[in-house]
Amino acid sequence: MDNVLFSIGSLTVFKSAIVIAFGIIIASFVSVKLYEKRAGEAESMLVFLPIAYFLSVLFARLLHWYFTEFAYENLWQALTDFSVGSFAMAGLIIGVWLAAFIVSKIGICENKGKLLDCLAPGLCIVVMFIRLGCFWTGSCIGNRNIQSKLFQWSPLCIPVTDNAGNTDYRLRVYFMEAVLMVVLLVVVLI
């Protein structure tokens, strides 16, 4: 599936990026409101979120470069050219924890546990939208052919055609992860 939404000159906007940005906006709003309700103020979360997003992207790309160095020309490309390669979800957690540590050390937030607790539903939302963005990238699908006709229907499998014209059905892992994030979101909110 084509991932490009539109391209003007050297600016290319991807469909997956729009989905992820939408998820970040919703997650930020949810996190701020939860923190405001619980702590009585929103400033700590408003300072924390930009730091967390920056560090999460940094570590997600850094880890992906470390584990799949062959996908990039060099480290600089991994950190600046988002049209190449992907990300490692573990970097998201590292970035969030480091941001909470930084915000608590500089005295903006007294209780980083409360901050992270209020961020947990938003994190589920972000991961869900990141995984749904994989619909256009072709990433995060299974490697094995699903043989059973019962499971070869659209939400669970995606048809993949090789160079010889053979069609295999692969599991849409990203879809299953998005559904699991919705379940986890409900559990975390409770």
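In what follows, the structure referred to is the one given above.
The numbering scheme is per chain: residues are counted from 1 as the chain's sequence reads. pLDDT decides what is reported in this predicted model: residues at 70 or higher carry local features, side-chain atom pairs at 80 or more are listed and counted, and totals for whole chains, interfaces and linings draw on all residues regardless. To get the side-chain values, take all heavy atoms of the structure and skip hydrogens and water.

Comments concerning the pattern of salt bridges
This is how it is decided: Salt-bridge detection follows one rule: a side-chain nitrogen of Lys or Arg within 4 Å of a carboxyl oxygen of Asp or Glu. The helix count covers DSSP runs of H or I at least four residues long, the strand count covers runs of E at least two residues long, and both are numbered beginning at the N terminus. Burial classes: relative accessible area under 20% of the type maximum marks a residue as buried, over 50% as exposed, and values in between as partly exposed (1.4 Å probe, protein chains only).
In this structure the tally under the stated criterion is four salt bridges. The shortest N-O distance in the salt bridge between K33 and E36 comes to 3.3 Å. Of this pair, K33 and E36 both sit in helix α1 (residues 15–39), three residues apart, which is roughly one turn of the helix. Classification of K33 by relative accessible area gives partly exposed; the value is 41%.

Some points on the nonpolar core
What tends to happen in soluble globular proteins is that the nonpolar side chains get buried as a cluster. For clarity, the cut-off: Definition of nonpolar core: a set of buried residues of the types Ala, Val, Leu, Ile, Met, Phe, Trp, Tyr and Cys, connected through side-chain atoms within 4.5 Å. The contact criterion used throughout is that any non-hydrogen atoms of two residues lie within 4.5 Å.
Ranked by internal contacts, the top residues of the largest apolar core, which has 30 residues, are Y35, M45, F48, L49, V96, L115 and L119. Listed by contribution, the elements that provide at least two residues to this core are α1, α2 (43–67), α4 (90–105), α5 (112–137) and α6 (173–189). Among the elements that make up this core, the one with the highest residue count is α5 (eleven residues). If we skip the residues at most four places from it in the chain, F48 touches V96, A99, A100, V103, L115, L116 and L119.

Concerning the packing of aromatic side chains
Two measures describe an aromatic ring pair: the distance that separates the ring centres and the angle between the ring planes. The following threshold applies: Working definition: rings of Phe, Tyr and Trp (its six-membered ring) pair if their centres are within 6.5 Å, and the pair is stacked with planes under 30 degrees apart, edge-to-face with planes over 60 apart, and tilted otherwise.
With the rule as written, the count across this model stands at two aromatic pairs. Taking the centre distance of 5.7 Å and the plane angle of 75° together, the rings of F22 and F129 count as edge-to-face. Taken as a pair, F22 in helix α1 and F129 in helix α5 lie far apart in primary sequence, 107 residues in all. On the numbers, 5.2 Å between centres and 80° between planes, the contact of Y66 with F67 is edge-to-face.

Quick notes on α2
Definition in use: Here the expected span of a helix is defined as 1.5 Å times the quantity of residues minus one.
When the terminal C-alpha atoms of α2 are compared, their 36 Å separation across 25 residues agrees well with the 36 Å that a helix rising 1.5 Å per residue should span. Looking at α2, one finds that the buried residues are S44, M45, F48, L49, A52, L55, S56, A60, R61, L63, H64 and W65. If you follow the buried residues of α2, they end up packed against α1, α3 (75–80), α4 and α5.

Points about α5
As a reminder, the rule being used: Consider a residue and the seven residues that end there alongside the seven that start there; fitting an axis to each set, the bend is the angle between those axes. Counting of polar contacts relies on pairs of N or O atoms within 3.5 Å, with two restrictions inside protein: one atom must be capable of donating a hydrogen and the other of accepting it, and residues adjacent in sequence are counted only when both atoms are side-chain atoms.
In this model α5 runs 35 Å from its N-terminal to its C-terminal C-alpha over 26 residues, within 8% of the 38 Å that 1.5 Å per residue would give. Within α5, the axis deviates most sharply at A120, by approximately 40°, and proline P121 lies no more than four positions further along. Measuring from the backbone nitrogen of G113 back to the side-chain oxygen at the start of α5 gives 3.0 Å, which picks out N111 as the cap. Positive backbone phi, at 80°, marks G138, one or two positions downstream of α5.

That is the geometry; function is a separate question.
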